[in-house]
Structures are given as C-alpha cells and as structure tokens.
Amino acid sequence: MTNYTDMWEKLNLDLKAHDSLMQVLGKFYGDIYLSQQGRLKGAEYLDFVLSEVHGLRVQELQDAKAQGRKIVGTFCVFVPEELTLAADAVQVGLCSGADAGTELAETLVPRNTCALIKSFMGFKLARLCPYIESCDLLVGETTCDGKKKAYEQLAEMAPIHIMEVPQKKDDHDRVLWKTEVLRYKQVIEKLTGKTITADKLKTAIKTVNAKRRALQRLNRLRADEPAPISGRDVLLVNQISFYDDPVRFTAKINELCDEIEARIKQGQGVAPKGTPRLMLSGCPMAVPNWKLPYIIESSGAVIVSEESCIGSRNTRDLVDESTDTLEGMLDAIADRYLRIDCATFTPNTERLDNIVQLAKESKADGVIHYGLLFCQPYAHESFKVDKALKDAGIPMLSIETDYSMEDVGQLKTRVEAFVEMLK
C-alpha cells in the first residue's frame, strides 16, 4: 500500500488527527458497506476509490497541478462543471458528511448551524481535508444564509468566488443567472490563463452529460423488482461522482450497469421480492454521511431512489447539445442549471412534481424526507412534500437529524415502524 504521508505533510494536514479520522472512517465503512450480502462485483471499484479517498485521487490532483492545471473546489451542484473542464481545470466537491473540527468551526459559525456547514468549516480549520488544501479556488453559492455567511469566514482562509443563485425563476432571474454563469467563465479563464472556446466547451458538455447519462441509466435500472443494487451502494456512486475523474467514473458506472442488467435478466436482487421500497428525499448526504441509509436498509427495506443534490437533482437534466456556438452553449448551460429544483427557490412547486414522479418511476412504497437540523429551506418544504405525496397516495416519514450517532436508536425505531406499516 502506498504511503502518502509526505504528500499530506506538504498539504499541511494535521497528520495525527488525520490518521485518527481515517481509522474511524475505515471501520465505519467496513461495518456499513463491506458487510452487505450479494453485492455486485462492480462495487469493488467503489471500495477501491473509498480506500484511496485521501490517497490516489489526491495524488492525481497533485500531478495535475504539477502539469499546470488548476483545481477548483465546489460546495454545490450549481457550479457548472462544463466551464471548469473547458478551461482545462479539475473540479472536485468539498462538502463533508462527518463531525470533525466542530469546536473549531463553532468559533466562526453559530452552534445552531447545520452539520454540513460546520463540517466543511471544521475540516478546513482542523486541517483534515487534502481536497480543500489542494484547491487553487473555492466556489461558493448563495443557496442559504448559513452558507453565505460561512463563506465570508472561509474567504479569510482561502481564495473563493461566490455565485449568486436567484431565489425565483422569472425572466429577470434568468438574466441574473446567465450573468453569474458568464462571471464564472471569466473567473475560471483568469485562474487558468485559458480561453474557453466553442470546441472546448462542446467537448466538456459531452463529458459531463455522459456522466449524467450513466447515472440516469443506473437509476432506471433500480426500478426493477427485486432491487438489483442497494441504496447504500448507489449513494456511494453519487458521492464519488463529485471528485472522481469524470471520464473514468462514467466508464466504471456503465460497467456496473452492464452487470446490473445481467443480474436483472437472471431475476437476482439484493433483497427478496416484496421488500418495502423507499425513496430518500431532501438534504444532500456528503461522504461519509451514511447513517440513515444504513439504518433504513438494516430495518427491512431497500432504497430505490434519491431526490437530493446527491441524487436525481444533480443528474435529471442534461445540457442541450444541439448548438455549436459559444453563446448558444452558454445559454444552454444557464438554462440547464436553473432547472435545478433546490429548496432555495420560491415558489418551488416543480420540486413537488418531481418528487411524486420519481417515487412512481422507482416504484417506491414510501418516502423518507431527510432534513439536517437547522436547515430551514428543506424543513419548510417537508410539509408541502408530505401533502403532495399524500395526495398521490404515497406515505412519507419526515426525519431531522445531524451527523452524530446519538440518535441512531431513536431513528431506527421510527424507521422500523414506518417499514412495518408499509408491509
């Protein structure tokens, strides 16, 4: 096994704290993932990526930097990866899903801030994340007040660019968003010293669309009965999609889908026919936030779809590939990203329609709406989601939690009762 200590030291990580974190996560991963029965052979790639999560991929980023390429870190699906790739830069996701550096984070953000924000702030302050330390630029966005204010603090520690996401989707909001897309184009061109041409952007759009198509294919296959892959493994696929090389990732997920199709033809699945099928909806789950999916799938159910930023919200829509002009492609990018149905928007009826449609397409028997504590947008929308699902005859359980393990027993009791009701 390769020793990456020198690399981590050059990135100024706290080596002792980092080693402790990796040991805990290794055991956590083993208990939640490697203990699964009937996993696909293609899941070995997921295991390899996670085993090298702070190793090989980070080394690839250092090699890219040595070749003169820039690394861009993002916290949200609103940042157009197409523009990043067209400028020959590498884009990686930075959201964190574990309690780490919490005490340090609470010196800069309030205690009643959601766990996701405290986590990425804590990872930075505690010097635990080689990804954020590898970045030449961080890109934030105005999707919630907590993030906006946290980015002000983060800007004192690292170079950061903020994209303003409109709160509505009227014509004038679209003008604002197109301006933000153009502003990001200028920022990434200045950072890299590369001009984004029509040819480069066309190639980048096809690369990112191919990744989305692979994930769409995977989600379509999950509608089969019995479920051919666990929700935990698909969550892992979606999480990895934010920092793996996009071309390699796409190839591996299509290989995984080939294996799933063969499994479906043989009538095989990860759970028996008749197992309650659940959809997860709501807040994103960043690595290594696997608590709730593990509870669900160890309570007699299987997860068959995810309505979140780490799920259908990030993969549902493609960028239109029909135009060859630079201006036309920039318009297509702006239009595609404005179709994202984040809870930041008001009104947001399209999200309700998308949730009901996804639940039906994935043949979900019920929905668990997941909200992080202190996340106001998704907490507010959970009431409307519940009503929309009830009108469609689909039961819903609303859960609010954080990254701690203190409520595992309580959550398991509630989930088991919901699953039993579905049976």
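Remember, it's a predicted structure, so these values are computed and weren't measured experimentally.

Engineer: Can you help me understand the overall build of the chain in this one?
Structural biologist: A tally of regular secondary structure across the chain gives 19 helices and eight strands. A globule of 423 residues ought to have a C-alpha radius of gyration of about 22 Å, and the chain, at 21 Å, matches this closely. Principal-axis analysis of the C-alpha atoms places the extent of the chain at approximately 60 × 50 × 45 Å. With 423 residues in all, the chain has 56% of them scored as buried. Long-range contacts, defined as pairs at least 24 residues apart, comprise 76% of the intrachain contacts of the chain with a sequence gap of at least 6. On the chain, roughly 17800 Å² of surface is accessible, and the fraction owed to carbon and sulfur atoms is 52%. With 54 positive and 62 negative side-chain charges, the chain shows a spacing of 1 Å between the two charge centroids.

Engineer: Just checking my understanding: could you explain unusual backbone geometry for this structure?
Structural biologist: Negative phi characterises most residues that are not glycine, and trans characterises most peptide bonds. Of note, the bond from Val287 into Pro288 is cis; its omega dihedral lies within 30 degrees of zero at 0°. With respect to the helices and strands, the residue Pro288 is situated in the loop between strand S5 (277-282) and helix H14 (291-297). In this structure, Pro347 follows Thr346 across a cis peptide bond, with omega equal to -10°. Note that Pro347 resides in the loop between helix H16 (326-338) and helix H17 (349-361). Unlike most non-glycine residues, Asn12 shows phi in positive territory, near 65°. Relative to the elements of secondary structure, Asn12 occurs in the loop between helix H1 (5-10) and helix H2 (15-34). At Asp88, a position not held by glycine, the phi torsion is positive, near 60°. Positionally, Asp88 belongs in the loop between helix H5 (81-86) and strand S2 (90-93).

Engineer: Explain H2 to me, please; I cannot follow it from the model alone.
Structural biologist: Counting along an α-helix, one turn takes 3.6 residues, and residues three or four places apart therefore face a common direction. Along its 20 residues, H2 runs 26 Å from first to last C-alpha, staying within 8% of the 28 Å computed at 1.5 Å per residue. Restricting attention to buried positions, one finds in H2 the residues His18, Leu21, Leu25, Tyr29, Ile32 and Tyr33. On an axial view of H2, the arc spanned by its buried residues comes to 75°, and they lie on one face. Those residues of H2 that are exposed and aimed more than 90 degrees away from the buried face are Lys16, Gln23, Val24, Lys27 and Leu34. Structurally, H2 contributes buried residues whose contacts are with H1, helix H3 (43-51), helix H7 (115-125), helix H12 (231-240) and H14.

Engineer: Hey, could you run me through the packing of aromatic side chains in this one?
Structural biologist: Summed over all chains, the structure comprises eleven aromatic pairs. In this structure an aromatic cluster arises from ring pairing among Phe28, Tyr29, Tyr33 and Trp290. Positioned above the aromatic ring of Phe345, the side-chain terminus of Lys169 is 4.3 Å from the ring centre. Sitting above the plane of the Tyr337 ring, Arg336 keeps its charged end 4.6 Å from the centroid.

Engineer: It is not clear to me how the sheet that holds strand S7 (residues 366-372) should be interpreted in this structure. Could you clarify?
Structural biologist: Strand pairing in a sheet relies on backbone hydrogen bonds. The paired strands run either parallel or antiparallel. Sheet architecture is open: four strands sit in the order S6-S5-S7-S8, paired in parallel fashion. In this open sheet, the two edge strands, each paired with only one partner strand, are strand S6 (302-307) and strand S8 (396-401). Looking at each pair of strands side by side, their axes are set apart by 25° on average, direction ignored. Inspection of the sheet shows S5 paired to S6 by five bridges, in the parallel sense. Bridging across to S6, Leu280 finds its partner in Glu306.

Engineer: Is there a simple way to think about the environment of Met405 in this case?
Structural biologist: For Met405, the location among the structural elements is in the loop between S8 and helix H19 (408-422). Sequence spacing of Met405 and Lys291 is 114 residues, and the spatial spacing of their C-alpha atoms is 7.9 Å.

Engineer: Sorry if this is basic, but what is going on with the sheet that holds strand S1 (residues 71-74) here?
Structural biologist: Taken in spatial order, the four strands of this open sheet run S2-S1-S3-S4, and their pairing is parallel. Where the open sheet ends on each side, the last strands, each with one partner, are S2 and strand S4 (160-163). Each strand of the sheet is rotated relative to its neighbour by a mean of 25°, with strand direction disregarded. Looking at chain direction, S1 and S2 are connected through four bridges and run parallel. If you follow Val72 over to S2, its bridge partner there is Gln91. Contacts from helix H4 (residues 56-66) reach S1 and S2 within the one sheet, and its direction differs from that of S2 by about 150°.

Engineer: Can you walk me through the pairing of S6 in this structure?
Structural biologist: Moving residue by residue along a regular strand, the side chains alternate between the two faces of the sheet. Counting buried positions along S6 gives six out of six residues, so the element sits mostly inside the fold. Where the polypeptide runs from S5 across H14 and back to S6, its parallel neighbour, the crossover connection is right-handed.

Engineer: For this particular structure, what's the right way to read the packing of H7 against helix H9 (residues 145-154)?
Structural biologist: Helix-helix packing: each pair is described by the crossing angle between the helix axes and the interaxial distance. Interaxial distance between H7 and H9 falls to 10 Å at its minimum, and their mutual angle equals 10°. Classified by the angle between their axes, H7 and H9 sit roughly parallel to one another. Here Leu116, Ile117, Phe120, Met121 and Lys124 of H7 come into contact with H9, specifically with Gly146, Lys147, Ala150, Tyr151, Gln153 and Leu154. By residue class, the composition of the contact of H7 with H9 is seven nonpolar, two polar and two charged.

Engineer: For this particular structure, what's the right way to read the environment of Gly140?
Structural biologist: With respect to the element layout, Gly140 can be found in strand S3 (residues 137-141). Each C-alpha atom of the pair Gly140 and Val79 lies 8.2 Å from the other, and the pair is 61 residues apart in sequence. Every residue in contact with Gly140, bar those within four places of it in the chain, is listed here: Phe75, Tyr151, Ile160, His161, Ile162 and Met163.

Engineer: What is the right way to look at the side chain of Gln91 in this model?
Structural biologist: Mapped onto the secondary structure, Gln91 falls in strand S2. In this structure, Gln91 is in contact with Val72, Thr74, Val79, Pro80, Glu81, Thr84, Tyr184 and Phe242, ignoring residues within four places of it in sequence.

Analysis parameters
Residues numbered from 1 in each chain as written. Predicted model: local features only at pLDDT ≥ 70, side-chain atom pairs only at ≥ 80, totals over all residues. Heavy atoms only, no water. Helix = DSSP H or I, 4+ residues; strand = E, 2+ residues; numbered from the N terminus. Rg over C-alpha atoms; globule rule 2.2 N^0.38 Å. Buried < 20%, exposed > 50% of the residue type's maximum accessible area, 1.4 Å probe, protein only. Contact = heavy atoms within 4.5 Å. Areas by Shrake-Rupley, 256 points an atom, 1.4 Å probe, with all protein chains shown as cover. Lys, Arg positive; Asp, Glu negative; His and termini not counted. Charge placed at Lys NZ, Arg CZ, Asp CG, Glu CD. Expected span 1.5 Å × (residues − 1). Arc of directions from axis to C-beta. Phe/Tyr/Trp six-rings, centres within 6.5 Å; stacked < 30°, edge-to-face > 60°. Lys NZ or Arg CZ within 6 Å of the ring centre and 35° of its normal. Pairing = 2+ DSSP bridges. Axes fitted to C-alpha atoms, helices over the stretch in contact; angles between N-to-C directions. Right-handed = clockwise from strand over helix to strand, strands pointing away. Parallel < 35°, antiparallel > 145°, perpendicular 65-115°, else oblique. Nonpolar A, V, L, I, M, F, W, Y, C, P; charged D, E, K, R; others polar.

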